[in-house]
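# Examining the three-dimensional arrangement
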Amino acid sequence: MSFDPISSLDMSTPAAKQEAYKLLLAQTESLLHGERDWLANLAQFAALVYGAVPDLNWAGFYMARADAEELVLGPFQGKVACVRIAFSRGVCGACARSQQMQLVEDVHAFPGHIACDAASRSELVLPVVVGGKLRAVFDLDSPLPARFTSDDARGFEAALAVLVEGTDWP
Ligand code: SME
């Protein structure tokens, strides 16, 4: 594989962050080029994000199941995590229920937050919707309070759009 992943993006200023997300988008395109398998692509994307984006302690997917209002752990990087999350629970459940991005500046203030890792202080969860159907949520945790802003949400949305387009979903 000729892909050379960036190991730590500079997100120290708003301008640097904008550039960083452009680079993440370009890296997502190159990384997934020529491969449409959902499991491989989601695993690669989680690894790319976890390696490149600063101040994360977890990055990965919870998969939606057609027959249940429950998410099941998918490809991720970070510490071992809870396997099943009901749509009625936690930040991931709120995202799955509403199909809306959830940006939580302080996880301790979010009713029902599920603490897979006690180090987590803030969280961003984005829906992965394919053809109008929820297929997964992409969950990011940080040990820093208020780590994520709407700029991060937009950056990840753009990268996830590339992932959705470049992947065959089962
Ligand atoms: N904190 C999440 C659970 C998943 S872990 O963070 C990996 C939640 O409240 O849904």
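To be clear, the structure that these remarks concern was listed above.
A brief structural summary. Source: prediction; values computed, not measured. (Residues numbered from 1 in each chain as written. Predicted model: local features only at pLDDT ≥ 70, side-chain atom pairs only at ≥ 80, totals over all residues. Heavy atoms only, no water.)

## Looking at the pattern of salt bridges
Throughout the structure, instances matching the rule amount to seven salt bridges. For Asp152, the salt bridge goes to Lys17, with nearest N and O atoms at 2.6 Å. Residue Asp152 is found in helix H4 (residues 150-165), and its partner Lys17 is found in helix H1 (residues 14-32); the two are separated by 135 residues along the sequence. For the pair formed by Asp152 and Lys17, the shared burial category is buried. One connected set of salt bridges, linked through shared partners, spans Lys17, Arg147 and Asp152. (Salt bridge = Lys/Arg side-chain N within 4 Å of Asp/Glu carboxyl O. Helix = DSSP H or I, 4+ residues; strand = E, 2+ residues; numbered from the N terminus. Buried < 20%, exposed > 50% of the residue type's maximum accessible area, 1.4 Å probe, protein only.)

## Considering the state of the cysteines
Using the criterion set out here, one finds one disulfide in the structure. Cys82 shares a disulfide with Cys116; S-S distance 2.3 Å. Handedness here is read from the sign of the S-S torsion; for Cys82 and Cys116, about -75°, the answer is left-handed. In this pair, Cys82 is assigned in the loop between strand S2 (68-78) and strand S3 (84-86) and Cys116 in the loop between strand S4 (102-104) and strand S5 (122-130), connecting sequence segments 34 residues apart. Overall, the relative accessible area of 22% leaves Cys82 in the partly exposed class. (Disulfide = S-S within 2.5 Å.)

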